[in-house]
Amino acid sequence: MGADFGRGRGSESKISQWLRRRPKPQQREVDDTAREALLLAVAEAGMPIAPAAHPVGYRCSCERIGCPTPARHPLSFAWQTQSTTDRAQIERWARSQPQANFITATGMIHDVLDVPLAAGEQALERLLAAGVEVGPVARSGDDRMLFFTATRGTPEDEDEWWPCELDCHPETMDEHPGLRWHCRGSYVLLPPAQLPGELDVAWLRGPEHPLPDPLTLLETLTDACARFVGSEGQSEIDHESVAWPLRR
């Protein structure tokens, strides 16, 4: 959560304290109460969630040999219909599966603009300096940053709908080094989450921040990604992942 969460009671909340601690990698163990509260805050913001795999050392709890996205994928193939904001269900999941990560299904209430960490840090600084309303933002591992936005919705003509399939086909993820637009048919791993190699997913700006229109962030993010891709010697950002909302 953000630093303002819980101050109305005269003291900083347990969640805010956890986010401020920024412990060393080997000490990143989320308190069960804080974890559950963070998940419920996401649901209260209208973003549906579902259980995901978790790391077992450097492997994935799914035990799939050569899992392409260890600890980053849903437990169920029915994650799109399973995803929910129901408080009672989320509490049951969190308490019965204390090691599970969680994903949030995009394209219903919210989208996620997923960018390289260096580009995201640069863009976030520019956006805040310019007074742009930025919504929830998370750091994912040591290489990506997630900007949560309102969804662009589904057009009246379904023939004009361009789904995002990047996360549905994880073997293609390395082919998209720049900006990825997670919309309908996709998902992202939700903070707080643990990853192999003592990495994690954590909020930089919590879900209490209103979801902005993605187009208010897009120009700054694509510019930062273009700079990042150029500095990495890569040819282009992932234009196809941002194409469908702009072609409607």
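Basis of the calculations
- Residues numbered from 1 in each chain as written.
- Predicted model: local features only at pLDDT ≥ 70, side-chain atom pairs only at ≥ 80, totals over all residues.
- Heavy atoms only, no water.
- Helix = DSSP H or I, 4+ residues; strand = E, 2+ residues; numbered from the N terminus.
- Buried < 20%, exposed > 50% of the residue type's maximum accessible area, 1.4 Å probe, protein only.
- Areas by Shrake-Rupley, 256 points an atom, 1.4 Å probe, with all protein chains shown as cover.
- Arc of directions from axis to C-beta.
- Contact = heavy atoms within 4.5 Å.
- Pairing = 2+ DSSP bridges.
- Axes fitted to C-alpha atoms, helices over the stretch in contact; angles between N-to-C directions.
- Parallel < 35°, antiparallel > 145°, perpendicular 65-115°, else oblique.
- Left-handed = near helix turned anticlockwise from the far one by under 90°.
- Nonpolar A, V, L, I, M, F, W, Y, C, P; charged D, E, K, R; others polar.

Q: I'm lost on the overall build of the protein chain in this one. Help?
A: Looking only at helices and strands, the protein chain features seven helices and 11 strands. Counting the 248 residues in the protein chain, one finds 50% classified as buried. Total accessible area computed for the protein chain in this model is approximately 12,300 Å², and 47% of it derives from carbon and sulfur atoms.

Q: Would you take a moment to explain helix α4 (residues 87-96) for this structure?
A: Every α-helical turn comprises 3.6 residues, leaving residues that sit three or four positions apart pointing alike. Listed in full, the buried residues belonging to α4 are Ile-90, Glu-91, Trp-93 and Ala-94. Relative to the axis of α4, the buried residues are bounded by an arc of 165° and lie together on one face. Pointing more than 90 degrees away from the buried face of α4 are the exposed residues Arg-95 and Ser-96. For α4, the elements touching its buried residues are α2 (32-44), β1 (49-52), α3 (79-82) and β4 (101-105).

Q: Could you clarify how one ought to interpret the sheet that holds β1 in this entry?
A: The strands making up a sheet associate through backbone hydrogen bonding, with each pair oriented either parallel or antiparallel. Here three strands make up an open sheet; going across it, the order is β1-β4-β9 and the pairing antiparallel. Strand pairing shows two members of the sheet lacking a second neighbour, β1 and β9 (187-190), which therefore form its edges. Each adjacent strand pair in this sheet contributes to an overall mean axis angle of 35°, direction not counted. Where β1 and β4 come together, four bridges link them in antiparallel fashion. Opposite Pro-51, over in β4, you have Phe-102 as the bridge partner. Sheet strands in contact with α4 are β1 and β4, and its direction is about 15° off that of β1.

Q: Explanation requested: the packing of α2 against α4 in the structure shown.
A: Between two packed helices, the angle of one axis relative to the other and the distance separating the axes together describe the packing. Two elements in contact, α2 and α4, have axes whose closest approach is 10 Å; the angle formed by their N-to-C orientations is 150°. Relative to α4, the element α2 lies roughly antiparallel. As for how α2 packs across α4, the hand of that crossing is right-handed. For the pair α2 and α4, contact is made by Arg-35, Glu-36, Leu-39, Leu-40, Ala-43 and Glu-44 and by Arg-87, Ile-90, Glu-91, Ala-94 and Arg-95, respectively. The residue inventory of the contact of α2 with α4, partitioned by class, reads five nonpolar, no polar and six charged.

Q: What am I meant to see in the pairing of strand β7 (residues 144-150) here?
A: Here is the key point about a regular strand: its side chains alternate between the two faces of the sheet. Counted residue by residue, β7 has six buried out of seven residues, so it is predominantly covered. Where strand β5 (residues 110-116) meets β7, seven bridges bridge the pair, whose relative direction is antiparallel. Its bridge partner being in β7, Asp-111 is matched across the sheet by Thr-149. Examined bridge by bridge, strand β6 (residues 137-140) and β7 share four bridges and lie antiparallel to one another.

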